[in-house]
Amino acid sequence: MADKEVRLFGMWASPFTKRVEWALKLKGIEYEYVNESIPFSKSEELLRLNPVTKKIPVLVHNGKPLAESLVIIEYIDETWKEGYSIMPKDPYDLAQARFWAKFADDKGTMSLLHVFSKEGEVQQKAVEEAREVFKTLEQALEGKKFFGGDCINYLDLAIGWYAFWLPIIEETVNVSMVDDANAPLLKAWFGRFLEVDVIKSILPPRDKTSEMSKIRRNQLLSNMP
């Protein structure tokens, strides 16, 4: 039975929710999961817990809410110190992991948003930007099995959603961004990351996620001016 002191508000197909779930699973923390019907509606409880951004995921620990997935991951590792270590212990390695996680979110995720929601020249420009981001991101992976070395850590969790969701985005919009020619190290890491038991055990159904992706893209395109 889940520990009622730990609750996670998320959405079944949200990659940012999965970041937090992966961290909780790695630490062996039992939790109650509350699924939100985003983007169609948001519960009153979610809006009360996160009145600032009104977004998921939100972790509630002992009645205190926390928002933003990467912030939550750090909180989890700092609060439950025993067991699996998620954050790098070396100060330099920790700073580098935070740097690359921010780079991926600021550059990669924003490029993917435009790839997914745009068409024509705007989309093609975003594809080129995304390919360059992923090629650059390989610098943090050179000579390593995972971004964390021999085992997954904070940076793997931060960008791990690419391994599952990016191929779905590529299929949905019929483009290629990570392949053997452009980012071979990253593509190989995709396969290794998704084979980690904790990771693959809570991935959403691929067919259902792919179908939702197509529906969401059509909605976004229909709202374009």
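Residues numbered from 1 in each chain as written. Predicted model: local features only at pLDDT ≥ 70, side-chain atom pairs only at ≥ 80, totals over all residues. Heavy atoms only, no water.

Per an unreviewed UniProt entry, the protein chain goes by the name glutathione transferase and belongs to Rhynchospora pubera. The protein chain has a UniProt comment under Sequence similarities (unreviewed entry) that states "Belongs to the GST superfamily." (UniProt positions renumbered as here; feature names shortened; annotations may be inferred.)

Novice: Would you mind going over the packing of helix α7 (residues 161–173) against helix α8 (residues 184–194) with me for this structure?
Specialist: The N-to-C vectors of α7 and α8 enclose an angle of 115°; their axes lie 8 Å apart at closest approach. In terms of orientation, α7 lies roughly perpendicular with respect to α8. Here the hand of the crossing between α7 and α8 comes out left-handed. Across the interface between the two elements, Tyr162, Ala163 and Phe164 from α7 touch Trp189, Phe190, Phe193 and Leu194 from α8. Looking at side-chain class alone, the contact of α7 with α8 contains 7 nonpolar, no polar and no charged residues. (Axes fitted to C-alpha atoms, helices over the stretch in contact; angles between N-to-C directions. Helix = DSSP H or I, 4+ residues; strand = E, 2+ residues; numbered from the N terminus. Parallel < 35°, antiparallel > 145°, perpendicular 65-115°, else oblique. Left-handed = near helix turned anticlockwise from the far one by under 90°. Contact = heavy atoms within 4.5 Å. Nonpolar A, V, L, I, M, F, W, Y, C, P; charged D, E, K, R; others polar.)

Novice: Which parts of the structure should I look at to understand the nonpolar core?
Specialist: Taken as a class, soluble globular proteins show a tendency for nonpolar side chains to be buried jointly. Grouped together as the largest cluster of nonpolar side chains are 61 residues, with contacts concentrated most on Tyr162, Met177 and Trp189. Elements that contribute at least two residues to this core include exactly β1 (6–10), α1 (15–27), α3 (69–79), α4 (91–117), α5 (120–137), α6 (154–159), α7 and α8. No fewer than three residues from each of domain 1 (6–79) and domain 2 (91–221) sit in this core. The contact partners of tyrosine 162, leaving out residues within four places of it in the chain, are Ala104, Gly108, Thr109, Leu112, Phe134, Leu137, Pro167 and Phe190. In this structure, Ala13, Val34, Leu49 and Ile56 belong to the second largest nonpolar core, which totals 10 residues. (Core = buried A, V, L, I, M, F, W, Y, C linked by side-chain atoms within 4.5 Å. Buried < 20%, exposed > 50% of the residue type's maximum accessible area, 1.4 Å probe, protein only. Domains from an automatic or database assignment.)

Novice: Would you mind showing me how to read the side chain of histidine 61 here?
Specialist: Along the polypeptide, histidine 61 turns up in strand β3 (residues 58–61). In this structure the side chain of histidine 61 is engaged in a polar contact, spanning 3.4 Å, whose partner is the side chain of asparagine 62. In contact with histidine 61, other than residues within four places in its own chain, are Glu5, Val6, Tyr75, Thr79 and Trp80. (Polar contact = N/O pair within 3.5 Å; in protein donor to acceptor, adjacent residues only side chain to side chain.)

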